[in-house]
Amino acid sequence: MTDQHGELDAALERVIDAARAHLSAVRAAQGRIDDDDVWQAYVALNNASFAYDEQLLDAFGEVTPWDVESIDPDEADERFGVDAEGGEAGDPHPRIVSVRQRRDYRIPSVSALLRVAEVARREGTPAEDEPAPVEGVGEAVLELLQSGDGSLNALDVPELEPLDGVVMVSEVGTPVDLESFDDDDPLGPFQPAVDDRLVGRLDEHPFLDLDDEEHDHAGHHH
């Protein structure tokens with residue numbers, strides 16, 4: 001029985017050590033998703049808890065509140081997607097995806113577009129400051145983007161008539177490094193690298209007017 005007590009004490013110490021290691025890994029990850037160190041520490045804590053529970057059951061017929069099953073560390077690595085060298089296991093694709101989008105617009109009234117952009121700029125300027133005038137249609141569009149959520153949804157205004165657009169999705173080896181391009185470089189950040197792989201593209205077309213749709217449907221009989 002003395003040996004059993006010693007083995008139980010040692011098993012409990014392993015649980016405590018594993019719990020501390022797990023907490024340390026979680027803190028170091030700082031909320032990072034799918035962190036390898038956190039996963040490894042989790043497996044170690046799970047297995048230490050399982051072993052203690054089994055030994056407690058064998059020695060005294062008692063169990064812990066931990067409802068865990070043993071995890072094979074090798075199988076756990078495969079399930080997590082990490083091989084022994086720390087790389088991706090069985091996944092030939094890179095983990096970085098690039099989405100490039102373009103949409104063109106027709107401007108029915110330049111003066112109307114400038115006015116709505118100036119309103120947006122005025123709303124975003126402190127009351128004690130006088131906002132600079134919006135000069136040109138490009139600056140007006142940029143102002144609408146900056147004052148909105150930064151996406152093309154900010155350009156869904158009557159003063160801009162959407163034309164065709166395109167979205168391209170590529171698998172890339174490295175993420176874009178904006179610091180390596182000049183602010184006035186129109187091509188660099190969008191230029192695909194030699195090893196980029198285009199997955200596909202989606203063509204966007206503006207919605208048809210309801211009158212056009214009705215006319216189109218009237219010419220088709222089902």
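As the structure is a computational prediction, the values presented were derived from the model and not from experiment. (Residues numbered from 1 in each chain as written. Predicted model: local features only at pLDDT ≥ 70, side-chain atom pairs only at ≥ 80, totals over all residues. Heavy atoms only, no water.)

Q: Even after reading the chapter, I still don't get the overall build of the protein chain, so can you show me in this structure?
A: Summing up its helical and strand segments, the protein chain has 6 helices and 3 strands in all. Along the chain direction, N to C, the helices and strands of the protein chain fall in the order α-α-α-β-α-α-β-β-α. In the protein chain, which comprises 222 residues, the proportion classed as buried is 23%. Long-range pairs, those at least 24 residues apart, make up 67% of the contacts in the protein chain between residues at least 6 apart in sequence. Element-wise, carbon and sulfur atoms account for 53% of the exposed surface of the protein chain, whose accessible area totals about 16300 Å². (Helix = DSSP H or I, 4+ residues; strand = E, 2+ residues; numbered from the N terminus. Buried < 20%, exposed > 50% of the residue type's maximum accessible area, 1.4 Å probe, protein only. Contact = heavy atoms within 4.5 Å. Areas by Shrake-Rupley, 256 points an atom, 1.4 Å probe, with all protein chains shown as cover.)

Q: What is the right way to read a negative patch on the surface from this model?
A: Judged by side-chain charge, D177, E179, D182, D183 and D184 come together as a negatively charged surface patch. When you line up the elements, D183 lands in the loop between β2 (161–172) and β3 (197–204). Judged by relative accessible area, D183 falls into the exposed class, the value being 85%. (Patch = residues over 30% accessible without salt bridge, like charges linked within 9 Å, V, L, I, M, F, W, Y side chains within 5 Å. Salt bridge = Lys/Arg side-chain N within 4 Å of Asp/Glu carboxyl O. Lys, Arg positive; Asp, Glu negative; His and termini not counted. Charge placed at Lys NZ, Arg CZ, Asp CG, Glu CD.)

Q: Where do I start with the packing of aromatic side chains in this structure?
A: Think of a pair of aromatic rings as described by two things: how far the centres are apart, and how the planes are tilted against each other in angle. Per the counting criterion, the structure on display carries 2 aromatic pairs. Measuring from ring centre to ring centre gives 5.6 Å for W39 and Y42, while their planes differ by 15°; the resulting arrangement is stacked. Taken together, the positions of W39 and Y42, both in helix α2 (residues 36–60) and 3 residues apart, correspond to about one turn of that helix. For W39, a relative accessible area of 18% puts it in the buried group. (Phe/Tyr/Trp six-rings, centres within 6.5 Å; stacked < 30°, edge-to-face > 60°.)

Q: I tried to follow α2 on my own but got confused; where do I start?
A: An α-helical segment advances 3.6 residues per turn. Residues three or four places apart therefore align on the same side. Here α2 is 25 residues long and its end C-alpha atoms lie 36 Å apart, about the 36 Å a rise of 1.5 Å per residue gives. Between the side-chain oxygen at the start of α2 and the backbone nitrogen of D37 there is a gap of 3.1 Å, and the oxygen is on D35. Positive phi shows up at G61, right after α2, with a value of about 70°. (Expected span 1.5 Å × (residues − 1). Polar contact = N/O pair within 3.5 Å; in protein donor to acceptor, adjacent residues only side chain to side chain.)

Q: Whenever I open this one, the confidence of the model for the protein chain confuses me. Can you help?
A: Atom-level detail of predicted coordinates should not be read off regions where pLDDT is low. Overall, the prediction assigns the protein chain a mean pLDDT of 83, with 84% of residues at 70 or greater. Across residues 83–87 the pLDDT falls below 50, and counting only partners more than four positions away or on other chains, this stretch makes 4 contacts in the model. The low-confidence segment residues 213–222 (pLDDT under 50) makes 1 contact with residues lying over four places distant or belonging to another chain. (pLDDT = per-residue confidence, 0-100.)

Q: Whenever I open this one, the pattern of salt bridges confuses me. Can you help?
A: For side chains bearing opposite charge, pairing can occur when the charged atoms are close. Across all of its chains, the model carries 9 salt bridges by this definition. Of the charged contacts in the structure, one is a salt bridge between R121 and E139, with a shortest N-O distance of 3.0 Å. You can see R121 sitting in helix α4 (residues 110–123) and its partner E139 sitting in helix α5 (residues 137–147), a full 18 residues away along the chain. Under the relative-accessibility criterion, R121 is labelled buried at 14%. With a closest N to O distance of 2.9 Å, R121 and E143 form a salt bridge. Taken together, the residues span a long stretch of sequence, with R121 in helix α4 and E143 in helix α5 at a distance of 22 residues. On the basis of relative accessible area, E143 is assigned to the buried category, the value being 10%. What emerges from the salt-bridge pattern is a single network uniting R103, D156 and E204.

Q: Even after reading the chapter, I still don't get the side chain of N47, so can you show me in this structure?
A: Its location among the elements puts N47 in helix α2. Among the residues examined, N47 registers a relative accessible area of 19% and is labelled buried.

Q: In this structure, what is going on with the nonpolar core? I would like to understand it.
A: Membership of the largest hydrophobic core is limited to 10 residues, which are Y105, L113, A117, A120, V134, A140, L144, L155, V157 and L160. Among the secondary structure elements, those contributing two or more residues to this core are α4 and α5. The biggest single contributor to this core is α4, with 3 residues. Leave out the neighbours within four places in its chain, and L144 touches L113, V116, A117, A120, A154, L155, V157 and L160. Among the nonpolar cores identified, the runner-up in size contains 9 residues, and L8, A18, L45 and Y52 belong to it. (Core = buried A, V, L, I, M, F, W, Y, C linked by side-chain atoms within 4.5 Å.)

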